[in-house]
Every structure is written in structure tokens, then in C-alpha cells.
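Working through the structure, step by step
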Amino acid sequence: MRRTKGFWPGIIIILGLILILASPASFSGASDSRVPASRLAPDLEALLDAWDRGDYLVALAGLEKIVAATDDQEILEPISLLTGSLFPISELLPDGRNPRFSPDGRYLLVDFGPNESPSFAVFSTGEKYQKIAELKGARAVFSPTEPIIAYLSWPEVGKIKEIQEELTRLTSAGSPDRAKIMALQSQLILFGSKESKVILHDLRTEKERILNTGSLLKNDLAFSSDGREIWLVAGAEEEAGANQIYTLKVDEDDGNQEPKPITSGPGFKVSPRSIPGGRYFLYLNSPVDPFSRPVSEGASAGQQPAGQPSPTSPPGFLRRQPREFSVVDRERGETRKFEGTGVEVSPAGEAVVFISRVANENLLKLVRLDGTWSEVTLKKTAESISSPSFSPDGSQVAFEMPVYGNSEIFLTESSGQNETRLTTEIQPDRLPRFLANDRVMAIKGEPRHSRAYLYDLKSGKVIRVFHNETIRTIAPEYEWAIHPEGKAVVIVADRDGDTMSPERGVYLVDLTSHITREELLKRIKSQYEAEAQLRRKAAEWINPLAAKIQNLIGSVSPRRLFAYQKALFAFDSKHVAQPGNLKAVEYIQKTLASFGYQPELQWVPNRPNKTANVVAVLKGAENPDLYYVLSSHFDSNARGPGADDNSSATAVLLETARVLAAHPLPSSLIFAAFTGEEAGFWGSREFARLARENKLQVLGAINNDMIGWTEDHRLDNTIRYANAGLRDLMHAASIGFSRMVTYDAHYIRSTDAVPLYEAFGNVVAGLGSYPVLGNPFYHTALDRLETVNQQLISEATKFMVAAVVMMVSSPSPVRDLKASVRPDRKIEITWSPNPEKGIEFYEVSWQADEASPEKKLKVKTNRAVITLEGRAKEPKILIKVRAVNRLGLPSWDATPLKLGT
């Protein structure tokens with residue numbers, strides 16, 4: 001099917017696949033014989049090459065044979081990492097956040113539920129992690145010495161409940177009012193601080209006590225290092241310019257004690273942290289009131305705390321992170337204030353490390369907590385430094401620092417000697433944390449597609465920690481909690497690749513063992529079946545259009561593609577506030593006109609900068625009033641020329657428009673070059689508004705963003721989709737007509753796909769780099785033309801021509817599907833006729849469950865009747881309907897309907 005690879009390579013691959021599948025060992029379970037690793041290594045190398053090309057069926061069939069033939073870890077480990085995770089992974093919660101272990105590692109806390117009405121779960125961490133409690137509350141913390149938790153309990157009554165309900169309504173809206181949400185969140189903080197209670201919960205007895213906090217507003221909690229005190233960030237409601245940290249004795253009679261301040265003076269003190277040994281503790285000095293107390297209208301500029309909103313701004317709108325911290329010596333009654341961020345305490349409590357800035361230099365500094373306050377500068381550089389962390393024995397400090405604009409992980413001794421570089425990755429490396437003195441975990445990638453890796457300091461071995469069990473679907477990670485003994489990591493992730501739903505699963509990764517050989521065999525078989533099914537589905541679009549698409553992609557010109565990019569690059573930044581923006585508008589308009597189009601400029605009204613979308617239409621031959629959209633934004637970040645973000649996709653759009661200019665498709669295709677994406681979707685929102693205003697019937701859309709960068713020799717990209725049918729169609733375009741290998745994620749956030757999704761519904765997909773946002777140079781002056789992979793741009797264009805032709809030539813999904821059970825035990829199914837001309841028939845399929853065989857029926861009208869099997873009063877059945885046109889092309893997405901519960 002990969003015609004672009006040439007005839008003979010394709011024949012060789014097919015023959016290899018036939019030989020592998022003909023083998024009796026293929027998917028037959030484990031073999032009793034064991035083959036030495038030395039004999040299997042050459043076969044494994046060939047299969048790794050097949051995987052590298054994206055020939056997954058060949059690779060998986062061969063890998064299954066190898067795994068069945070050996071139990072040698074030298075062979076099984078790389079295959080496990082190639083196909084997914086090496087370590088056993090189990091789900092702890094389907095949705096949660098902020099995991100943290102108790103200091104002794106015996107328990108785990110995970111927050112869950114909406115932020116405006118939080119809860120948390122407690123797990124015991126024995127041989128198997130077991131949930132032992134679910135409690136309603138927030139800011140839960142562990143005692144360092146006893147199985148006791150302190151947390152804040154908010155009564156969900158009165159004004160608090162009213163705000164919570166309104167926040168739930170606003171956050172679930174398609175286009176939420178961010179300013180109003182922030183204002184309500186600030187109100188909720190204030191009311192919650194008033195009404196909340198400090199609760200002590202004993203995990204052994206499940207008994208709880210309410211601590212007396214009087215009328216204080218309450219926020220963060222912490223235990224002292226000996227576990228005998230609770231520290232509370234608190235303040236009086238009328239004391240708007242300050243708060244203090246108060247202490248309560250854990251073991252005293254609650255009725256006879258009152259909170260006692262252990263700090264004093266003006267300013268906001270937050271995030272108290274105990275330091276082992278008990279002599280010292282620290283807190284952050286915040287520029288923002290932790291209780292969101294309103295500032296009076298009459299306050300002067302000098303009276304208004306730094307970073308607070310003005311009286312006319314929504315509360316909480318202008319907030320800054322703390323850039324100072326204080327260390328308190330309780331023995332001497334002395335407090336030292338330090339300017340710095342990223343504060344970390346050594347495990348034994350003998351020092352703190354932090355980042356400070358002097359003049360034009362950043363300093364990584366260490367302060368000894370031995371009564372001398374002596375300081376050591378571990379690193380001084382003009383580059384930014386972040387994320388310092390101590391090794392368990394306190395002898396080393398890991399930190400993050402850019403090299404040529406790309407962040408890497410470094411290690412240094414706590415004396416400031418012997419700095420070494422740990423990572424040499426092409427993507428950003430972030431957030432180093434020690435699991436042991438010779439083992440570090442760090443995060444690779446941008447925050448929206450992060451992946452955790454383990455680095456063995458002795459062997460130099462690097463292992464990816466987490467993945468899912470699929471070949472193509474990415475699994476973005478967001479939060480990590482490391483067991484105090486380094487034997488497990490708890491990760492918050494979208495393991496199923498679904499970033500559009502608000503849920504994020506919480507997963508336990510057991511670092512003490514590997515998946516079994518049987519589990520690996522099961523995984524490989526499942527992946528083979530999934531890939532085979534994808535390719536069978538792909539053939540439905542590829543076969544009817546193969547000759548036409550091959551002819552079209554034969555005219556794709558790498559020379560022209562580079563010329564488009566070179567011209568756009570010459571305009572430097574194309575941000576709406578830069579001169580290059582209007583130069584790009586003019587260039588794109590003239591270029592589209594040179595292909596024979598009549599491009600329209602959609603000037604964006606009511607914005608501080610003059611700018612416009614450039615839109616051209618290829619009128620449909622059969623359905624001119626039905627529209628599809630191919631789009632990308634052409635503007636760049638203000639700091640750079642934006643070669644990848646997003647001249648890469650703009651070049652593909654222009655070449656696709658040129659290739660198709662003389663080849664009208666059945667329905668109309670809009671080529672839209674959007675402006676102002678980097679300023680907040682200016683252009684795409686205006687395009688969507690005008691489309692609705694003009695009542696355009698838009699059936700589907702592909703929006704591309706950042707598609708020209710690769711981290712290695714592979715030509716990879718990610719399909720970022722809302723609609724799963726378009727996802728599969730785009731995989732088909734890659735499989736059939738491009739050397740590019742595609743991955744996928746249910747993902748549209750922070751791209752122009754958002755306004756398209758809001759305007760036209762779940763009919764949107766697009767292409768957007770693999771790893772997603774992996775380019776370390778985007779949004780910088782280094783996003784230059786020389787960092788773009790021109791082979792990838794050419795293959796992406798072939799892919800895009802194929803995807804567009806398949807999408808616009810296929811019927812749109814069936815709409816208004818309904819089903820009802822008649823008294824005679826038959827199911828009557830109806831739907832609206834498809835708007836396209838040339839519909840030959842409708843295919844109705846139904847299935848009682850995944851294990852049951854799927855049945856199909858073809859009908860000429862928009863009505864079908866099927867007979868129920870079995871005697872269930874409330875049948876459970878999944879019905880799908882697709883339209884099929886005269887070319888034999890099915891709807892690019894099957895419309896599903898579940899009957900029964």
C-alpha cells in the first residue's frame with residue numbers, strides 16, 4: 001500500500017510478512033524451546049528496522065516469534081520498551097491530581113473531584129496499593145512520624161455551594177468566561193478560608209478531631225518535623241496586608257488551646273515547610289494574598305500589596321509567583337530572608353538550595369543550616385537555571401539549564417565541584433529528581449507532551465518509565481510522585497491519549513519488576529490485531545482513490561515547498577504586531593492567486609492590529625454548497641520567524657492548494673491561512689464567525705500546526721483529532737501515500753482547531769508534530785528555517801493531499817440517527833438522508849457486545865429494520881450507520897447509537 005516506497009521494497013515486505021505469518025509459531029502462544037540471545041539478535045535488528053519504517057505488521061509478527069522463543073532479558077527488555085512500558089503499570093484512580101507519598105512511603109494521597117469541591121483518596125502502599133479512605137476536603141498533608149493526616153474541610157452550604165455550582169456550570173461551557181471563573185475562584189477561596197475547619201484524621205482508627213482555629217482565615221497546612229505541631233497559614237479577615245503562620249499542638253486538648261503565631265510582621269507568608277531536625281523551618285514570601293481578600297477602593301498604591309489586582313480587576317487576575325523565601329531559626333528566634341525561587345531542602349535538613357539572580361547572572365546557591373548561614377555558589381551563569389534537587393545523601397544537586405536554547409539536566413556536588421552534564425537530548429529535559437544516589441528521573445518534552453525517563457548514573461542507561469499498550473496513541477504525562485525509597489512512581493497522565501476530556505488517570509509504576517513474558521506476548525498480539533484492523537479500514541479509502549491520489553502527489557514539488565518557507569522566513573516575525581504579518585498576508589494572497597484562485601482577505605475587526613486571514617475556495621464539482629476546510633495559521637510568535645510554528649504547515653497548505661487547483665473534488669474545499677493564532681485565535685474565531693453568519697454548511701476540517709520538525713531520522717507526525725473517523729482516515733493517508741509515520745491523540749487544545757470545533761462540532765482533526773510540541777525552538781528566535789526537515793515537509797504534503805482528497809470525496813457522517821424497539825421485537829432505525837449527491841446505499845451494522853459477531857445490512861433508503869435476538873426485555877446493542885457513495889467510499893466516520901444501558 002505504500003506506493004511511494006517503490007515496487008521492490010514493497011514486494012520484499014509483503015513476502016516477509018507472508019513467511020512470518022505462515023510460521024506455526026506466529027501468535028500460537030509461548031514456545032517450550034529457548035533460543036540463545038546471540039542467535040536472535042540479527043533477527044531482532046531486522047525487525048527493529050521494520051518498526052522504524054512503520055511496517056508494524058511485519059515487525060510485530062516477527063517480535064512475537066522472538067518473544068515466544070526466549071526468556072533472555074537482553075532480548076525482552078528492548079522489545080518491552082519498543083512496544084510500550086517495561087515496568088508493570090496499574091491504574092489507581094480514573095481521575096486525580098497532586099499525588100504525594102507520606103515521608104515513610106507507607107501511604108499515598110491523591111486529590112480528585114472538581115477543584116471547586118475537592119476530595120482526596122488515601123492508599124496504603126504495601127505489596128499492592130489499596131485505597132483505604134476517601135475524604136472530602138483539601139490541602140491534606142501527612143504527619144512525618146505517625147499515620148495521621150491533617151486537612152481542611154469545606155462545608156458545601158450557603159454561599160460556598162452557590163459559588164461551586166456556578167463554577168461547575170461555567171467550566172463545562174464550550175467557551176468558558178475565564179475572567180468570571182477567576183473571580184469566582186477568588187471568592188471561593190475567601191469564603192472557604194472563612195468556613196473551613198482543620199481536621200486531624202487517624203488512619204489507624206479512622207477517628208477525626210477538629211482543631212480550634214477561632215475566627216482565622218485558613219489556607220496551607222504543614223506538620224513540624226517531629227509531628228507534634230500543625231502549622232497553619234492563617235490570618236484575620238480585617239488584616240488585609242499580612243498573614244502569619246500559626247501553630248497548634250497535635251496532642252493537646254483541642255478545647256484548651258488556641259493557635260499561636262510563630263511568625264510576625266507584614267507580608268504574605270505561604271507554603272510552610274518543616275526542615276528535618278526541628279530547629280529550622282521555611283516559608284515563601286508571596287506577593288499575593290492567599291485568601292483573596294478584596295482591596296478597599298480607597299487604598300493607595302502604596303497600601304495595595306504587590307501583585308494584587310486593582311479594585312477594577314477580577315480578583316486573582318494579576319498574580320505573581322513568590323520570589324522570596326524566609327528561613328526561621330527557632331532556637332535563636334531568628335529569621336533570614338532570601339531572594340530566590342525553586343527552594344529545595346536536603347533530605348537530612350543540613351542545607352537548602354535555590355536559584356537567585358544578581359545583575360545579569362543567575363546563581364544556584366546553597367545555604368548551610370548549621371547556625372552559620374554560610375553560602376556556597378554552586379553555579380553562576382547568564383543562562384536560566386531551574387528545578388534544583390538533592391540526592392538522598394545530600395552530596396549532589398541536580399538542576400536544569402539550557403544549552404543553545406534547549407534545557408538539559410546537570411549534576412554538581414553540593415560543594416560546588418565537579419559539574420557534569422547528564423542529558424544530551426534534542427528535546428527539552430526538565431524537573432530532575434533523584435530516586436537514589438545513582439539514579440535520576442527527569443522529564444523529556446514540553447509540558448503538554450511530557451514523558452518521564454530514568455537515568456542510571458553508573459551504567460549510563462536511559463529507560464522510559466511510562467507508556468500505554470498501543471503503537472500509535474501517545475500518553476502525555478503531567479505530574480509525578482516518587483516513592484521515598486525510589487521503588488515506584490505515581491504518574492498523572494492521559495494514558496489513553498484523550499486530552500480533551502477533563503479526566504486524567506492516576507497510575508502506579510512499579511520500578512522493582514518488569515512485565516512478564518506472557519504479558520508482553522499478549523501486548524504484541526493485541527497491537528498486531530489493532531494495526532491489522534486499522535489497515536483494513538484504511539483500504540476502504542485507499543483502494544477507490546489510489547490511482548487519482550498517486551497522480552496528484554506525483555506533482556508535489558519540494559522546490560516549491562522550500563520557496564514558500566524561504567519567502568515567509570524572510571519576513572521574520574509574522575506576529576500581528578510586527579511588519580512581517582501584513583507582508584505574509586500579501587504574499588499568501590498573491591501565491592494563491594497565481595494558482596488560479598480568487599483569494600479573499602478576511603480583515604479581523606475590533607483588534608489593536610490590522611491583520612487578515614487569507615481564504616481561497618476550490619468549488620465542488622457535485623456539491624458546491626457543502627464545504628470542507630484545510631487550515632493553518634501563518635503568524636508567528638513575536639520573538640522569532642516561526643519556521644516550524646507555523647510556516648511549515650502554511651507551506652503544506654499552499655502546495656496542497658496548488659496541486660488540487662485544477663482537480664475539483666466532489667464538495668467545496670476552503671483553504672484558510674489564519675492570522676493571529678499566537679495572539680489568541682483572532683483569525684480562526686473570525687473565520688468561524690463569518691462561516692456561521694453566512695450559514696456555510698461545513699462538514700469537516702483539518703487544521704495543521706507545527707509539522708516540520710523531527711527529533712531524529714524518522715519522519716513522524718501526530719494526528720491531533722476531535723473526530724476518530726478523521727483520525728483513521730488520516731492514518732490511511734499516511735499508510736497509503738507517504739513515508740511519514742503517524743501517531744494520534746484526542747487533542748485540539750491551544751490551537752486554531754478550538755474555534756473550528758466550537759463552530760462546526762466534532763468534525764475536526766489535524767497534524768501537529770511528534771512528539772507533540774517537541775521542537776525545543778518554537779516560540780523563540782531559534783525557530784529558523786534550518787531546523788525544519790524538508791523531507792518531512794514533502795511527505796506531509798503528500799499525506800495532506802491524500803487526506804483531503806479522501807475526506808472530501810467520502811460521504812459525511814450520517815446525522816440524526818434514531819432507533820426504537822417495536823412490539824414485534826424488531827428495531828426500527830432512521831436517520832436523515834446525506835446531503836451529498838451520489839449516495840448508493842447506507843450500511844447498517846449492529847453488535848450486541850464486543851465478543852459477538854458484527855452483522856451488516858445494506859439499504860437504499862434512510863430507514864432500516866433489524867430483528868432482535870435473545871429475550872432480554874431491554875436489549876443492549878451498538879448500532880452504526882455509514883453512507884456509501886458510487887465510488888464505494890464510506891462515510892469518513894460511522895455514526896454510532898447505543899441502545900439499552
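Residues numbered from 1 in each chain as written. Predicted model: local features only at pLDDT ≥ 70, side-chain atom pairs only at ≥ 80, totals over all residues. Heavy atoms only, no water.

**Remarks on the sheet that holds strand β2 (residues 97–101)**
Which entries qualify depends on this criterion: Two strands form a pair only when DSSP identifies at least two bridges running between them. The helix count covers DSSP runs of H or I at least four residues long, the strand count covers runs of E at least two residues long, and both are numbered beginning at the N terminus. Only the stretch in contact is used when fitting a helix axis, every axis being a line fitted to C-alpha atoms; angles between N-to-C directions are given from 0 to 180 degrees.
Strand order across the open sheet formed by four strands is β2-β3-β4-β5, with antiparallel pairing between neighbours. The strands lining the two open edges of the sheet, one partner per strand, are β2 and β5 (129–136). Across the sheet, the axes of successive neighbouring strands diverge by a mean angle of 20 degrees, strand direction being ignored. Looking at chain direction, strand β3 (residues 107–112) and strand β4 (residues 119–125) are connected through six bridges and run antiparallel. Counterpart to Phe112 in the pairing with β4 is Ser119.

**A look at helix α8 (residues 558–570)**
Note the following rule: Take the residue count of a helix, subtract one, and multiply by 1.5 Å to get its expected span. We call two residues in contact whenever any of their non-hydrogen atoms come within 4.5 Å of each other.
Between its first and last C-alpha atoms α8 spans 18 Å; for 13 residues at 1.5 Å apiece the expected length is 18 Å, and the two agree. Considering only its buried residues, α8 is in contact with α9 (580–594), α10 (643–660) and α14 (790–809). Downstream of α8 by a residue or two, Asp572 has a phi angle that is positive, lying close to 60 degrees.

**Re the sheet that holds strand β9 (residues 208–211)**
Strand order in the open sheet formed by four strands is β6-β7-β8-β9, with antiparallel pairing between adjacent strands. Edge positions in the open sheet fall to β6 (138–142) and β9, since each of these has one partner strand only. Each adjacent strand pair in this sheet contributes to an overall mean axis angle of 25 degrees, direction not counted. Taken together, the four bridges between strand β8 (residues 197–202) and β9 define a ladder with antiparallel strand orientation. By the bridge assignment for β9, Val198 is matched with Leu211.

**Points about the nonpolar core**
The condition is simple: We call a set of buried Ala, Val, Leu, Ile, Met, Phe, Trp, Tyr and Cys residues a nonpolar core when their side-chain atoms join them within 4.5 Å. For every residue, the accessible area obtained with a 1.4 Å probe (protein chains only) is divided by the maximum for its type, and the residue is called buried under 20%, exposed over 50%, and partly exposed between those limits.
Within the largest apolar cluster, 95 residues are counted, with the highest numbers of intra-cluster contacts made by Leu592, Leu660, Leu669, Phe671 and Phe687. What Phe671 contacts, discounting residues up to four positions off in sequence, is Tyr597, Val614, Val615, Ala616, Leu618, Leu630, Leu653, Thr656, Ala657 and Leu660. If you look at the next biggest cluster of nonpolar residues, it comprises 34 residues, including Leu44, Val67, Ile471 and Ile515.

**Regarding the confidence of the model for the chain**
To keep it simple, the criterion reads: Per-residue confidence from the prediction method is given by pLDDT, with values spanning 0 to 100.
For the chain, per-residue confidence averages 90 on the pLDDT scale, and residues scoring 70 or more make up 91% of the total. Taken as a whole, residues 297–319 scores under 50 in pLDDT and shows 43 contacts with residues more than four places along the chain or in a different chain.

**Some points on the environment of Glu408**
Definition in use: Pairing of N or O atoms within 3.5 Å defines a polar contact, subject to two protein rules: one partner must be a possible hydrogen donor and the other a possible acceptor, and residues neighboring in sequence count only if both atoms are side-chain atoms.
Along the chain, Glu408 turns up in strand β24 (residues 406–413). The class of Glu408 is buried, set by a relative accessible area of 2%. Considering only alpha carbons, one finds Glu408 and Trp603, 195 residues apart in sequence, at a separation of 42 Å. Not counting chain neighbours up to four residues away, the residues in contact with Glu408 comprise Phe399, Glu400, Met401, Pro402, Val403, Arg421, Thr423, Thr424, Glu425 and Asp429. A distance of 2.6 Å separates the side chain of Glu408 from the side chain of Thr423, its partner in a polar contact. One polar contact links the side chain of Glu408 to the main-chain amide nitrogen of Glu425, over a distance of 3.3 Å.

**A short note on the pattern of salt bridges**
Here is the rule we go by: Salt bridges are defined by distance alone: a side-chain nitrogen of Lys or Arg within 4 Å of a carboxyl oxygen of Asp or Glu.
Across all of its chains, the model carries 45 salt bridges by this definition. Lys194 serves as the salt-bridge partner of Glu237, at 2.9 Å between the closest nitrogen and oxygen. With Glu237 in the loop between β11 (229–235) and β12 (244–249) and Lys194 in helix α6 (residues 178–195), the pair connects residues that are 43 residues apart, well separated along the chain. Ionic pairing is found between Arg739 and Glu795, a salt bridge with its closest N-O pair at 3.5 Å. Linking Arg739 in the loop between α12 (724–737) and β39 (741–746) with Glu795 in helix α14, this pair joins segments that are 56 residues apart in sequence.

**Overview of the packing of helix α5 (residues 158–171) against α6**
Test applied: The cut-offs work like this: below 35 degrees is roughly parallel, past 145 is roughly antiparallel, 65 to 115 is roughly perpendicular, and the gaps in between are oblique. Crossing handedness: left-handed means the near helix sits turned counterclockwise from the far one by under a right angle, and right-handed means the same turn made clockwise. Polar here means any residue outside two lists: the nonpolar Ala, Val, Leu, Ile, Met, Phe, Trp, Tyr, Cys and Pro, and the charged Asp, Glu, Lys and Arg; Gly therefore counts as polar.
Where α5 contacts α6, the axes come no closer than 10 Å and their chain directions differ by 155 degrees. Relative to α6, α5 is oriented roughly antiparallel. Note on packing geometry: the crossing formed by α5 with α6 is left-handed. Here Lys159, Ile160, Ile163, Gln164, Glu166, Leu167, Leu170 and Thr171 of α5 come into contact with α6, specifically with Lys180, Ile181, Leu184, Gln185, Gln187, Leu188, Phe191, Gly192 and Glu195. Residues of the contact of α5 with α6, tallied by class, amount to eight nonpolar, five polar and four charged.

**What to know about the packing of aromatic side chains**
Going by this rule: Ring pairs shown here join Phe, Tyr and Trp side chains whose ring centres sit within 6.5 Å, with only the six-membered ring taken for Trp; geometry is labelled stacked below 30 degrees between planes, edge-to-face above 60, and tilted in between.
This model, assessed by the stated rule, comprises 20 aromatic pairs. Note on Phe466 and Tyr507: the rings are 5.6 Å apart at their centroids and 55 degrees apart in plane angle, and the pair reads as tilted. Of this pair, Phe466 sits in the loop between β29 (462–464) and β30 (477–482) while Tyr507 sits in strand β32 (residues 505–510), and the two are 41 residues apart along the sequence. Across the pair, exposure class does not vary: Phe466 and Tyr507 are buried alike. Ring geometry for Tyr564 against Phe595: centres 6.5 Å apart, planes inclined by 70 degrees, an arrangement best described as edge-to-face. Highlighted residues: Tyr564 in helix α8 and Phe595 in the loop between α9 and β33 (600–603), separated in sequence by 31 residues.

**Let's talk about the layout of surface pockets**
Threshold: Cavities and pockets were defined on a 1 Å grid built over protein atoms only: a cavity is a set of grid points that admits a 1.4 Å probe from which the probe cannot escape, a pocket is an open set flanked by protein on both sides within 12 Å along at least five of seven lines, and lining residues are those with an atom within 4 Å of any such point. Grid points are joined across faces, edges and corners, and a volume is the space filled by probe spheres set on the points.
Here the second largest pocket defines a volume of roughly 1,600 Å³. Residue lining of the second largest pocket: 46 residues in total, with Gln533, Lys537, Arg727, Asp728 and Lys880 positioned closest to the centre. Secondary-structure elements contributing two or more residues to the lining of the second largest pocket are α7 (517–553), α12, β43 (839–847), β46 (877–885) and β47 (895–899). Per-element tally for the lining of the second largest pocket: the top contributor is α7, with 10 residues. Classifying every residue of the lining of the second largest pocket gives 14 nonpolar, 12 polar and 20 charged.

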